Amino acid sequence: MKQQKRMLRVLAENRGFNPKVLKTLGKRLKVGIIDADLLDHGTRHPNLALEKIAGYCKSLGHEVRLICDYNELDIQLPFFPDSCDYDVLCLAQVFKFTKRPKEIDFLIKNHFIFYGGTGFLAEFDDDVKQLPNLPHEVEHHQPDYTLYDEYIQKQTGGDPKLIKRRFDDYVSYSIGFTTRGCIRQCAFCVNRELKKVVPWSPVSEFMDPKRPRIYLWDDNIMAAPAKVFKKVMEDLQATGKPFQFRQGMDIRLMTEEKAKLFAGVKYYGDYIFAFDHYRKDDAHEWKQVEQTIRGLEIWKKYVTKETKLYVLVAFDGLDYQDIEGAFWRIKILMEYGCLPYIMRFEDYKKSQYKILYTQLARWCNQPSFFKKMSFRQFCIRNEEYHQGIQQPIKNGKFSSRLKFPKGFTPKPTFCACYRAMIEFEEEHPEIAKKYYDLRFEDLKDTFKNRKL
Ligand code: SF4
């Protein structure tokens with residue numbers, strides 16, 4: 001126990017993950033790993049930093065375990081660390097909205113625990129610069145992809161279908177950064193440390209040959225120097241495994257060469273880019289729009305596979321112009337045969353159009369709806385469901401009018417979706433007229449006739 005207390009006191013002097021401590025104590029340590037996002041609300045992705053820490057600790061001979069429930073820790077304040085069963089605790093948090101128990105906050109504030117991750121940036125603004133990155137030897141250690149196995153087993157009982165549905169990202173992929181850094185420095189982005197793109201990890205560093213696919217977290221692969229970009233694509237292709245980049249890629253930097261390279265690789269799933277800008281009253285913003293469209297033009301020459309673009313909303317404003325900016329981008333994407341994916345900046349909750357933003361996301365982010373229905377049809381379909389009626393679909397097309405069968409007494413209130421649509425239409429009929437009835441099927445691949 002004495003050893004343990006000393007250990008924790010040493011750790012207290014080291015903010016962030018410190019490999020020296022783990023190397024020098026000369027004892028097999030019990031390392032507890034906490035994925036705060038997972039324990040609060042579950043996450044789709046494993047935490048790569050924690051997997052690297054686990055891999056590193058195991059390589060030193062330490063015992064590593066993912067904490068599957070905070071209750072396991074049995075933190076009895078103020079007797080911690082005497083009451084703790086672990087020698088070292090490491091916690092990572094990606095999302096700032098993730099909630100932690102107050103006992104864990106006590107451990108963090110008193111540095112009884114290694115902690116890090118982008119989730120802490122907003123919380124300790126003054127400390128941002130002090131939140132350390134993983135040390136080189138940990139950052140470049142092969143991730144321990146078995147870290148979450150016990151948790152997954154507990155959650156699914158080992159049912160392969162459940163595992164596939166809920167934890168595919170945990171079990172089927174090798175994960176890494178082939179490059180890091182970004183030239184853009186967007187105001188809403190946490191990746192602003194490295195102002196240019198540099199090679200980061202060779203694929204062999206993080207690839208597990210037993211895993212069927214690879215995904216990459218590169219901040220902005222499109223901004224990599226041409227030689228680096230080519231090498232990364234060749235290395236990924238050489239693995240023979242399908243791969244995908246998970247961050248919305250920067251289509252403004254598309255070139256003929258990059259599009260050709262992308263067209264020739266074994267890409268898994270949809271290509272995903274970003275379409276963040278729309279404002280015409282700002283020369284810099286408008287330049288971004290022009291570059292996005294130029295990128296789409298090049299892309300469509302070489303790639304026929306499904307392509308999605310993140311459409312950031314509620315960042316440049318929360319008013320009707322932001323809604324119009326979203327519709328305007330959606331229309332352009334329809335013309336290019338691309339699918340929008342609405343990304344709501346968290347401030348959308350403060351907008352008077354909060355519900356409309358949500359309905360836009362529900363419509364666009366479910367391609368089965370988006371490909372078949374205009375926004376108006378989607379809202380009508382929702383209202384029909386709310387009323388318990390279904391209009392017939394004629395020639396594969398949904399009706400654009402809400403009609404009630406004869407003798408039917410409608411409910412006195414509309415559903416939130418339909419109500420948000422008609423309220424906005426009453427306020428801004430000219431915007432509704434322009435966009436509400438556009439259908440992906442009708443506009444798809446008409447971009448040659450499109451005027452900005
Ligand atoms: S382009 Fe992407 S990675 Fe780069 S700063 Fe902007 S949001 Fe972040």
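Conventions we followed
Residues numbered from 1 in each chain as written. Predicted model: local features only at pLDDT ≥ 70, side-chain atom pairs only at ≥ 80, totals over all residues. Heavy atoms only, no water. Salt bridge = Lys/Arg side-chain N within 4 Å of Asp/Glu carboxyl O. Helix = DSSP H or I, 4+ residues; strand = E, 2+ residues; numbered from the N terminus. Buried < 20%, exposed > 50% of the residue type's maximum accessible area, 1.4 Å probe, protein only. Near = heavy atom within 4 Å. Nonpolar A, V, L, I, M, F, W, Y, C, P; charged D, E, K, R; others polar. Pairing = 2+ DSSP bridges. Right-handed = clockwise from strand over helix to strand, strands pointing away. Axes fitted to C-alpha atoms, helices over the stretch in contact; angles between N-to-C directions. Contact = heavy atoms within 4.5 Å. Arc of directions from axis to C-beta. Polar contact = N/O pair within 3.5 Å; in protein donor to acceptor, adjacent residues only side chain to side chain. Lys, Arg positive; Asp, Glu negative; His and termini not counted. Expected span 1.5 Å × (residues − 1). Parallel < 35°, antiparallel > 145°, perpendicular 65-115°, else oblique. Left-handed = near helix turned anticlockwise from the far one by under 90°. Core = buried A, V, L, I, M, F, W, Y, C linked by side-chain atoms within 4.5 Å.

A. Main features of the pattern of salt bridges. Across all of its chains, the model carries 35 salt bridges by this definition. A salt bridge links Asp168 to Arg213, with the nearest nitrogen and oxygen atoms 2.8 Å apart. Taken as a pair, Asp168 in helix H8 (residues 160–171) and Arg213 in strand E8 (residues 213–216) lie far apart in primary sequence, 45 residues in all. Since its relative accessible area comes to 13%, Asp168 is described here as buried. For Arg213, a relative accessible area of 11% gives the class buried. Overlapping salt bridges bring together Arg65, Glu72, Glu150 and Lys154 as one network.

B. Quick look at the site of the ligand. Taken together, the residues surrounding the ligand are Cys182, Arg184, Gln185, Cys186, Phe188, Cys189, Asp219 and Asn220. Classifying every residue of the shell around the ligand gives four nonpolar, two polar and two charged.

C. Local environment of the pairing of strand E12 (residues 339–344). Where strand E11 (residues 307–313) and E12 come together, six bridges link them in parallel fashion. Paired with Leu309 across the two strands is Pro340, which belongs to E12. Handedness of the E11-helix H13 (residues 320–335)-E12 crossover: right-handed.

D. How the structure looks around the sheet that holds strand E3 (residues 88–92). Pairing within the open sheet is parallel, and its four strands lie in the order E2-E1-E3-E4. The sheet is open, and its two edges are formed by strand E2 (63–66) and strand E4 (114–116), each paired on a single side. With direction set aside, neighbouring strand axes in the sheet form an average angle of 15°. Here strand E1 (residues 30–35) pairs with E2 via four bridges, running parallel. Considered in E2, the bridge of Val31 is made with Val64. The sheet contacts of helix H4 (residues 48–59) involve E1, E2 and E3, and relative to E1 the element is tilted by about 175°.

E. Representation of helix H11 (residues 256–263) within the structure. Within H11, burial applies to Lys258, Ala259 and Phe262. The arc that holds the buried residues of H11, viewed along the axis, is 100°, so those residues lie on one side. For H11, the secondary structure elements touched by its buried residues are helix H10 (226–238), strand E9 (243–245), strand E10 (271–275) and helix H12 (283–302).

F. Layout of the sheet that holds E9. The strand order across the open sheet formed by three strands is E5-E8-E9, and the pairing between neighbours is parallel. Each edge of the open sheet is held by one strand with a lone partner, namely strand E5 (173–176) and E9. For this sheet, the mean angle separating the axes of adjacent strands, direction not counted, is 20°. Judged from the three bridges that link them, E8 and E9 form a sheet pairing that is parallel. Each bridged residue has a counterpart across the sheet, and for Tyr215 the counterpart in E9 is Gln244. In the packing of H8 onto the sheet, contacts are made with E5 and E8, and the angle to E5 comes to roughly 50°.

G. Quick look at the environment of Gln377. Positionally, Gln377 belongs in helix H16 (residues 375–387). Using a relative accessible area of 3% as the deciding quantity, one classes Gln377 as buried. Taking the C-alpha atoms as reference points, Gln377 and Phe447, 70 residues apart in sequence, are found 23 Å from one another. Those residues within four positions of Gln377 in sequence are excluded, and the remaining contacts are Lys372, Phe398, Ser399, Ser400 and Arg439. Polar contacts involving the side chain of Gln377 include one to the main-chain amide nitrogen of Ser374, which spans 2.8 Å. One polar contact links the side chain of Gln377 to the main-chain carbonyl oxygen of Phe398, over a distance of 2.5 Å.

H. Local environment of the side chain of Asp35. Inspection of the secondary structure puts Asp35 in strand E1. The buried charged residue Asp35 lacks any salt bridge, with Arg100 as its nearest oppositely charged partner at 11 Å. A polar side-chain atom of Asp35 sits 3.2 Å from the main-chain amide nitrogen of Asp37. The contacts of Asp35, once residues within four sequence positions are left out, are Thr43, Asn47, Leu50, Leu66, Ala92 and Tyr148.

I. Seen up close, H8. Between its first and last C-alpha, H8 extends only 11 Å over twelve residues, short of the 16 Å set by a 1.5 Å rise per residue. Those residues of H8 not exposed but buried are Leu162, Ile163, Phe167, Asp168, Asp169 and Tyr170. A side-chain oxygen of the first residue of H8 lies 2.9 Å from the backbone nitrogen of Lys161; this N-cap is Asp159.

J. The packing of H12 against H13, seen in detail. For the pair H12 and H13, interaxial distance at closest approach is 11 Å and the crossing angle is 20°. With respect to their mutual orientation, H12 and H13 come out roughly parallel. As for the relative orientation of H12 and H13, their crossing is right-handed in sense. Residues Trp286, Val289, Ile293 and Leu296 of H12 form the contact with H13, whose participating residues are Trp328, Ile332 and Leu333. Taken together, the residues of the contact of H12 with H13 sort by class into seven nonpolar, no polar and no charged.

K. Quick look at the nonpolar core. Grouped together as the largest cluster of nonpolar side chains are 89 residues, with contacts concentrated most on Phe245, Phe262, Phe327 and Trp363. Here this core takes eight residues from H13, the largest share from any one element. Residues within four places of Trp363 in sequence aside, it is in contact with Phe327, Ile330, Met334, Phe369, Phe370, Met373, Ser374, Phe375, Phe378 and Leu438. Core analysis: the next-biggest nonpolar cluster, separate from the first, contains 25 residues, Leu22, Leu50, Leu66 and Cys90 among them.

L. Local environment of the pairing of E10. Most of E10 sits inside the fold, with five of its five residues counted as buried. Residues Tyr271, Phe273 and Phe275 line one face of E10 and the alternating positions Ile272 and Ala274 line the opposite face, and both faces are buried. In this sheet, E11 lies alongside E10 in parallel orientation, the contact comprising five bridges. Paired with Ala274 across the bridge in E11 is Tyr310.

Worth remembering: the numbers are spatial, not functional.
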